[in-house]
4 protein chains.
Amino acid sequence: MDRKAKLRAIVQGSIFTGIIQFLILVSAVVFVIESDRERLEVDPYKTHFVVLDIIFLVLFSIEYILRVYIEPRKRDFVFSFYGIIDLLAILPSLFLVPGFRVLRILRFLRIFRIFKATRFILAVDRLGAALREIQRELLALVILSLMFVYLAACGIHFFERNAQPEAFGSILDSMWWSVVTLTTIGYGDVYPTTSGGKFFTALVAFVGVGLIAIPSGLLASALTQARVERKKSEDSEKENQEQED
Amino acid sequence: MDRKAKLRAIVQGSIFTGIIQFLILVSAVVFVIESDRERLEVDPYKTHFVVLDIIFLVLFSIEYILRVYIEPRKRDFVFSFYGIIDLLAILPSLFLVPGFRVLRILRFLRIFRIFKATRFILAVDRLGAALREIQRELLALVILSLMFVYLAACGIHFFERNAQPEAFGSILDSMWWSVVTLTTIGYGDVYPTTSGGKFFTALVAFVGVGLIAIPSGLLASALTQARVERKKSEDSEKENQEQED
Amino acid sequence: MDRKAKLRAIVQGSIFTGIIQFLILVSAVVFVIESDRERLEVDPYKTHFVVLDIIFLVLFSIEYILRVYIEPRKRDFVFSFYGIIDLLAILPSLFLVPGFRVLRILRFLRIFRIFKATRFILAVDRLGAALREIQRELLALVILSLMFVYLAACGIHFFERNAQPEAFGSILDSMWWSVVTLTTIGYGDVYPTTSGGKFFTALVAFVGVGLIAIPSGLLASALTQARVERKKSEDSEKENQEQED
Amino acid sequence: MDRKAKLRAIVQGSIFTGIIQFLILVSAVVFVIESDRERLEVDPYKTHFVVLDIIFLVLFSIEYILRVYIEPRKRDFVFSFYGIIDLLAILPSLFLVPGFRVLRILRFLRIFRIFKATRFILAVDRLGAALREIQRELLALVILSLMFVYLAACGIHFFERNAQPEAFGSILDSMWWSVVTLTTIGYGDVYPTTSGGKFFTALVAFVGVGLIAIPSGLLASALTQARVERKKSEDSEKENQEQED
């Protein structure tokens, strides 16, 4: 086994992966604390955070270079989902040009790599399989929901534009109300005040709230269905084995 | 094949339909942008939008006339769901009488025709079939929900009418609270302030929120059930074919 | 057939029942409009509504007396759910003592009788059967939810009582927050402002929101399960009949 | 049977357990009322509540000592879930040091013991079994939700930090918005005001709201699945018995 193959075994091994996963979590926590302290005018620990940032940058850069180095098809890796995430999380920190510094926020993307943790990769796969199973219905429901958001916005714009021109003066503004209402968030920053608008909201809310809740139910059912079938095939395998014995 | 049959083949073909679907989407986007710019006192691009509106009007009018022309049973088409939508979306723009102009907003109805896009007509059909499957339960739940909205409004009106006469002074006004509460939107424009009203809300909320969430769950279950049965019949068909081979 | 039996056949027949159902709906609509007009200082149509009220009172009183008269077991009817509802809806209007007048609002209870409409009595029965099917789990979930409301109130009272003594000063007051939060209504009249309270809310919200959504899902599943079994038994019945033929 | 065994039979019997369950409920009600009266400057019934508290303290202390006494493996009981709860509910009241008095609020933990009530221990067990059945998917969904909360907070912080520095100035603060939005509570204390923030919210809300609703659906499906299987096995047992007869 040559050196590159050995290195690949280490980098793709569970210990190295585990350490990186842990570092990603720690860097996320540091990121949160740092953003909290940025509001302080004078932060006595500022240099500590700068040093921590540099350490994380060096570690994740080395890891990125290692991953590219051990990869036989380098191009595929660099342009893969996780390859791009890694690059986006590292690159902006390397350039010291002030305009680029705002993009350092992209470091938060790194958290996506937690998905690859061996601990729940199976469960995430199941979620993915269930999503694929219902993809047609899901697509139709998403498009229906978008249409519903649009139609609700058109309607409320018609009813409320004169009473509240700053909130419902255009369909685009009314869409904000649509989203906040149909997801049942209801912040309370915008709501109808005319009788027509309230009646329209009542109509739209009952239908729309139901519409938007369907996908979760579908996914839950699909996951349950998959579990039941998995169990059945396990049971029949056991039976087959017992009959063979 | 005569000219009319040829024309019918073109108009009902996937290319023509695709172009119209695309134009509907574009006109919806233009509609949104236009409504956004209406608030500007002076819009330098106003003439552009007027021209775009006229172009869409001409295109959709031609399409409507074509559809009527190729249809053997013209009357059925004109009074069908999509026939009426098309007419409502075109007519108000043809009349230049100021009173009618407000109805030009009905152009947004056109988006309903996206339903007929070949891409997800199957999924929409499935949704429809699932809805038919649960129609009895759905009807009962809708009537129960309406009754619940009414009863909740009567109750809160009783508890809050003296404390907040402007929000709960009549059952009709209280119904607005009912809708906003039972859908869990909770804008925060109206809420009980008396102890009795709060206690009543607690009772009503737990039951009502559950009641209103049932239809989505029912529909999701029905869709899953249909998918499972579809799979089974596909599997048994395959088996039959294999046995025949 | 004696006169009483004839009368019973009429009163329990679908025409009489339909008329009463219709009258109940009309009286509910009148009730809503009347409560809306009560806020007017001078209502020119006030006498009209007084007359309508008297007409409804007379009609429903006659209907009540008829129902008692035709009933063989009068006592059972009077103390049944619908018997008590009917009485509560009529009695307060009969007494002209001012103190009793406030109870005239109980007329709204009459709407409950819509449940008995032949059109969706089957669907309501199915809902009832599904509820009985899941009653044990439902009871446990209701008690769990009540406990959760209590525990969440105790917790937020601990975190917020010093910061917001008027909203979270006692557990009873905090329970209002519990209800509004766990049902995800979120009016916005009370919300935590301390860091501890916000963190506690985050914990409580994710668990509690999920907990409270389970019963609807359970009921939806039970209804679907019942539908599937109904279908199966119908199919097997058909098969049996075909084999017999 | 020696005295200890007799005592054990009594303490673990249904009468003693029932009395304790009842006392726990009563003490919870007293706790709520007491916290409500604490706001009164002068409470004429204050001594009554102090006496009640002492009575409850004595009763529950005796019960705790009894339980420890009858337990063969004392250590296991003291460090078990219910053992710790009992201790936490009693201890702070025993110390009269003022600093400890604030911990007397831990008395509310006692309510957890209601879970052990014989009446719904079966249903709670079923809930537990269903939770274990879906534990893998649940874990993945919880971690996905936490990641989603974090990512949403990072995103909204980026869009809103300049417009609303006090609400979205740090990721930690933005997380409060994440929680309130993704659970659809939507108090209305924090919400985006920039176009970018609103658009981001729309994206995040539709996905996140669906994501967070999945676990309830999963649990409801698992409970239904368990019920169906329970029924089947009961039916097949009956059949077996009938065949034997």
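What you see as residue numbers is a count from 1 along each chain, following the sequence as written. Note on labels: chains are lettered from A, ligands numbered from 1, in written order. With pLDDT at 70 or above as the cut-off, local features in this predicted model cover only qualifying residues; side-chain atom pairs require 80 or more to be listed or tallied, and sums for whole chains, interfaces and linings still use all residues. The side-chain numbers reported here are obtained from all heavy atoms of the structure, hydrogens and water having been left aside.

S.K.: Give me the overall build of chain A: which residues, what numbers.
M.R.: Helical segments are the DSSP runs of H or I of at least four residues, strand segments are the runs of E of at least two, and each set is numbered from the N terminus. Each helix and strand in chain A was counted, giving 11 helices and zero strands. Atoms considered for the radius of gyration are the C-alpha atoms alone. The globule rule reads 2.2 Å times the number of residues to the power 0.38. For chain A, whose C-alpha radius of gyration is 26 Å, the value lies well above the compact-globule estimate of 18 Å for 245 residues. Exposure categories follow from relative accessible area, calculated using a 1.4 Å probe and restricted to protein chains: below 20% of the type maximum is buried, above 50% is exposed, and the middle band is partly exposed. Split into buried and exposed, the 245 residues of chain A put 47% on the buried side. Accessible surface computed for chain A: about 13200 Å², of which carbon and sulfur atoms make up 65%. The Shrake-Rupley method, run with a 1.4 Å probe sphere, supplies the accessible areas, and residue values consider only the shown protein chains as cover.

S.K.: Lay out a negative patch on the surface in plain terms, naming residues and giving numbers.
M.R.: The patches described consist of residues with a relative accessible area above 30% and no salt bridge, like charges being joined within 9 Å and nonpolar side chains (Val, Leu, Ile, Met, Phe, Trp, Tyr) within 5 Å. For this analysis, a salt bridge means a side-chain nitrogen from Lys or Arg found within 4 Å of a carboxyl oxygen belonging to Asp or Glu. Residues scored as charged are limited to Lys and Arg (positive) and Asp and Glu (negative), so that His and the chain ends carry no count. To locate a charge, take atom NZ for lysine, CZ for arginine, CG for aspartate or CD for glutamate. Residues E229(A), E234(B), D235(B), E237(B), E239(B) and E242(B) make up a contiguous surface patch of negative charge. No other element matches helix α11 (residues 195–244) of chain B, which puts five residues into the negative patch. With respect to the helices and strands, the residue E237(B) is situated in helix α11.

S.K.: So what's going on with the relation of the copies chain A and chain B? Residues and values would help.
M.R.: The least-squares superposition of copies is restricted to C-alpha atoms, and to residues with a pLDDT of at least 70 in both copies. With an RMSD of 0.1 Å, the operation that places chain A on chain B is a rotation of 90° combined with a shift of 0.0 Å along the axis. Taken together, the rotation and translation relating the two chain copies correspond to the operation of a four-fold axis. Contacts were defined at the residue level, with two residues in contact if any of their heavy atoms lie within 4.5 Å. Taken as a fraction of all interface residues of chain A, those also at the interface in chain B reach only 10%, which identifies the copy contact as different-surface.

S.K.: Go over the side chain of E160(C), please, and point to the residues and values.
M.R.: Residue and element names in this part refer to chain C. Summarising the element assignment, E160 is placed in helix α8 (residues 135–160). One buried charge, E160, has no salt-bridge partner; the nearest side chain with opposite charge is K198, at 7.9 Å. Residues adjacent in sequence count toward polar contacts only when both atoms are side-chain atoms; beyond that, a polar contact is any pair of N or O atoms within 3.5 Å, and within protein one must be able to donate a hydrogen and the other to accept it. At a separation of 3.1 Å, a polar atom in the side chain of E160 contacts the main-chain amide nitrogen of T193. The residues contacting E160, other than those within four sequence positions of it, are P165, F168, P192, T193, T194 and G197.

S.K.: Tell me about the interface of chain A and chain B, and please be specific about residues and values.
M.R.: In this assembly, 48 residues from chain A lie in contact with 39 residues from chain B. Of the roughly 3900 Å² buried between chain A and chain B, counting both surfaces, carbon and sulfur atoms make up 71%. Put simply, buried area is the surface a 1.4 Å probe can reach on two separate parts but cannot reach once they are joined, added for both. Of all residues in chain A, E137(A), Y150(A) and F206(A) give up the largest surface area on contact with chain B, accounting jointly for 16% of the area buried on that side. For the pair chain A and chain B, the number of links is four salt bridges. In this structure, E137(A) and R126(B) form a salt bridge, with 3.5 Å as the shortest nitrogen-oxygen distance. If you look at where chain A meets chain B, you find seven residue pairs in polar contact (both at pLDDT 80 or more). Elements with a contribution of two residues or more to the side of chain A that touches chain B: α8 (135–160), α9 (165–168), α10 (171–182) and α11 (195–244) of chain A. Counting residues per element, the side of chain A that touches chain B draws most heavily on α11(A), at 15 residues. Residues are grouped as follows: Ala, Val, Leu, Ile, Met, Phe, Trp, Tyr, Cys and Pro are nonpolar; Asp, Glu, Lys and Arg are charged; all remaining types, including Gly, are polar. Tallied by class, the residues present in the side of chain A that touches chain B amount to 28 nonpolar, 12 polar and eight charged.

S.K.: Kindly report on helix α3 (residues 46–70) of chain C, identifying the contributing residues and their values.
M.R.: Residue and element names in this part refer to chain C. Expected helix span is taken as 1.5 Å per residue step, with the number of steps being one fewer than the number of residues. Here α3 contains 25 residues, and its C-alpha end-to-end distance of 36 Å stays within 8% of the 36 Å for a straight helix at 1.5 Å per residue. Among the residues making up α3, those that are buried are F49, D53, F56, L57, F60, S61, E63, Y64, R67, V68 and I70. Buried residues along α3 sit in contact with α1 (3–11), α2 (14–37), α4 (74–78) and α5 (81–94).

S.K.: Which residues make up the packing of α2(C) against α3(C), and what values do they have?
M.R.: Residues and elements named next belong to chain C. Helix axes are fitted only over the stretch in contact, all axes being lines through C-alpha atoms; the angle between N-to-C directions runs from 0 to 180 degrees. One way to put it is that α2 packs onto α3 with a least axis distance of 11 Å and a crossing angle of 150°. The crossing of α2 and α3 is left-handed. Along its contact with α2, which presents F16, I20, L23, I24, V26, S27, V30, I33, E34 and R37, the element α3 presents F49, L52, D53, F56, L59, F60, E63 and L66. For the contact of α2 with α3, the class distribution of residues is 13 nonpolar, one polar and four charged. Left-handed describes a crossing in which the near helix is turned anticlockwise from the far one by less than a right angle; the clockwise case is right-handed.

S.K.: Break down the pattern of salt bridges for me, citing the residues and quoting the values.
M.R.: Close approach of charged atoms lets side chains of opposite charge pair. One pass over the full model with this rule turns up 20 salt bridges over all chains. In this structure, R67(C) engages E63(C) in a salt bridge whose closest nitrogen and oxygen atoms are separated by 2.6 Å. You can see R67(C) and its partner E63(C) sitting in helix α3, four residues apart, about one turn around the helix. In terms of burial, R67(C) and E63(C) fall into one category: buried. Put simply, R126(A), R230(A) and E137(D) are held in one network by salt bridges that share partners.

S.K.: Run through the nonpolar core, naming residues and quoting values.
M.R.: Think of a nonpolar core as a cluster: buried Ala, Val, Leu, Ile, Met, Phe, Trp, Tyr and Cys residues, connected wherever their side-chain atoms sit within 4.5 Å. Membership of the largest hydrophobic core comes to 251 residues, with the highest contact counts inside it found for Y150(A), Y150(B), Y150(C) and Y150(D). If near-sequence neighbours (up to four positions away) are discounted, Y150(A) is found in contact with M175(A), A28(B), F31(B), V32(B), F108(B) and I111(B).

S.K.: Outline the domain arrangement of chain A, listing residues and values.
M.R.: What the domain assignment lists for chain A is domain 1 (1–115) and domain 2 (118–245). Annotation comment: domain bounds sourced from an automatic or database domain assignment. Here domain 1 of chain A and domain 2 of chain A have C-alpha centroids that lie 34 Å from each other.

S.K.: Hey, could you go over the packing of helix α10 (residues 171–182) of chain C against helix α2 (residues 14–37) of chain D for me, with residue numbers and the actual values?
M.R.: Relative orientation of the contacting elements α10(C) and α2(D) amounts to 105°, with a least axis distance of 7 Å. In this view, α10(C) runs roughly perpendicular relative to α2(D), as classed from their interaxial angle. In contact with I171(C), L172(C) and M175(C) of α10(C), α2(D) contributes F31(D), V32(D), S35(D) and D36(D). By residue class, the composition of the contact of α10(C) with α2(D) is five nonpolar, one polar and one charged. Here is the rule for angles: anything less than 35 degrees is roughly parallel, anything more than 145 is roughly antiparallel, 65 through 115 is roughly perpendicular, and the remaining ranges are oblique.

S.K.: Provide a residue-level description of empty space enclosed by the protein, including the pertinent values.
M.R.: Residues and elements named next belong to chain B. Put plainly, a pocket is an open set of points on a 1 Å grid over the protein atoms alone with protein on both sides within 12 Å along at least five of seven lines, a cavity is a set where a 1.4 Å probe fits but cannot get out, and a lining residue has an atom within 4 Å of a point. Grid points are joined across faces, edges and corners, and a volume is the space filled by probe spheres set on the points. Taken as a whole and assessed by the stated rule, the structure comprises one cavity of 30 Å³ or more. Put simply, the largest cavity is a space of about 40 Å³. If you go around the largest cavity, the residues you meet are F60, E63, Y64, D86, I90, R110 and R113. Looking at the lining of the largest cavity, the elements with two or more residues in it are α3 (46–70) and α5 (81–94). In terms of residue count, α3 provides more of the lining of the largest cavity than any other element does, three residues in total. Classifying every residue of the lining of the largest cavity by side-chain character gives three nonpolar, no polar and four charged.

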